[in-house]
Amino acid sequence: MTKVTWARILAWRLRRQFVSGGDGPDAVAVVRRLCGVQAQVASSAQLAVAVRSARPDPGEIGRALWSDRTLVRTWLMRGTLHLLPADALADHCAALATLRFWEKGSWQRGHGVTADEIAAVIDAVPRVLTGDPLTREELVDAVVAATGDAHLREALTSGWGALLKPLSRLGELCYGPPRDGRVTFTSPARWVPGRPGTPPSPEEAGVRVLRAFLGAHGPATPEMFDSWLFGGVARKAVLKGWFRDLAPELAEVETDDGMTLLIPAEHVDDLAGTAESSAVHLLPGFDQYVLAAPRSLTPLLPPELKPKVSRQAGWISPVVVHAGRVAGVWEAKGGDITLDLAAPVPREPLAEAVDRMRRLLTA
């Protein structure tokens, strides 16, 4: 079994995720390599792509979403909004739909709906999203008219779109282009070019998603993958099946703290040959470098920094990374960048990283 230090693993992740090279060829390639970019805060998503891009372009994501339709924006991993390559949407939806959280009585009671009502919403939304994209208000009106259930109006307009998330996971709903400053929704079947008529099987889709994850955020354990994709609540049989099916392509590595992790065998030599990093990087809030790893991973996130990075209501702060490890947090304030460091960081590389982020913020 190949033995690697966590410092080497983190340096490899930084390079695989286009951070250390800043050489991502375009927004779609960056989002694809990261297996999605969290997009609940649009500015953070734009920065996550820009900081990895060889030629940052502030308008590129908008064009990819609304003109080229090569990116989609919808609720995916852990029920949060993400950017994803349009041609990867079917796989992610098929994998995520193996956990049908909306069928649980506790979820239905928590959102004030019955099993019949959520089934009616799931049936109605694809039927009403056959024309132009609809605003949330228009979508709610159309669903209420289609179901004849006025009670659904309150449920559909509260909870940050909770009742729409099952439709996203089923591949029946994604964001459309904004209209007059308001979000719209549309059907991926209508919106995404080349959308497959028949969804992929969960088994095949799950293996493809897992392979891509391990190629950017590995080496990792099944629990790490589950935490990233489902929030740690995957159906164990499903998860085991994906790892079993991908097993012929995987290799084990052992870390310096004794963990056994899995990585595609094709990357083992590259990982073993990666030099440990001494570089400094500023990454935005909700960055995949942090989100795709457990907050309990102390080689990445020192325990004393965890409260500053992983804050209330799921907020993930912008971070300063030194030698692959989170060394502090930062904030854009008053036209400049304020640092809050918990560990020594080399002054000159830090100044260069701050200057680069400052330029990206003002682009």
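Residues numbered from 1 in each chain as written. Predicted model: local features only at pLDDT ≥ 70, side-chain atom pairs only at ≥ 80, totals over all residues. Heavy atoms only, no water.

(A) Structural context of the overall build of the chain. Within the chain one finds 18 helices and 13 strands. Taken along its principal axes, the extent of the C-alpha atoms in the chain is 65 × 50 × 35 Å. Expressed as a percentage of its 363 residues, the buried residues of the chain come to 52%. In the chain, of all internal contacts separated by at least 6 residues, the share reaching a separation of at least 24 is 63%. Of the roughly 15,900 Å² that the chain leaves accessible, carbon and sulfur atoms contribute 51%. Considering the chain, the positive charge centre built from 41 side chains and the negative charge centre built from 41 side chains are found 2 Å apart. (Helix = DSSP H or I, 4+ residues; strand = E, 2+ residues; numbered from the N terminus. Buried < 20%, exposed > 50% of the residue type's maximum accessible area, 1.4 Å probe, protein only. Contact = heavy atoms within 4.5 Å. Areas by Shrake-Rupley, 256 points an atom, 1.4 Å probe, with all protein chains shown as cover. Lys, Arg positive; Asp, Glu negative; His and termini not counted. Charge placed at Lys NZ, Arg CZ, Asp CG, Glu CD.)

(B) Looking closely at unusual backbone geometry. Residue Pro219 follows Gly218 across a cis peptide bond; omega there is -10°. Secondary-structure assignment places Pro219 in the loop between helix H12 (202-217) and helix H13 (222-230). Even without a glycine there, the phi angle at Phe18 is positive, about 65°. If you trace the backbone, Phe18 turns up in the loop between helix H1 (6-16) and helix H2 (27-33). Residue Phe18 is classed as buried on the basis of its relative accessible area, which comes to 10%.

(C) Fine view of the sheet that holds strand S10 (residues 280-283). Read across the sheet, four strands follow the order S10-S11-S12-S13 without closing on themselves; strand pairing throughout is antiparallel. Strands at the two margins of the open sheet, each flanked by one partner only, are S10 and strand S13 (336-341). With strand direction ignored, the average angle separating the axes of adjacent strands in the sheet is 30°. In terms of strand pairing, S10 meets strand S11 (residues 319-322) through four bridges, oriented antiparallel. The residue bridging Leu282 from the neighbouring strand is Val320, located in S11. (Pairing = 2+ DSSP bridges. Axes fitted to C-alpha atoms, helices over the stretch in contact; angles between N-to-C directions.)

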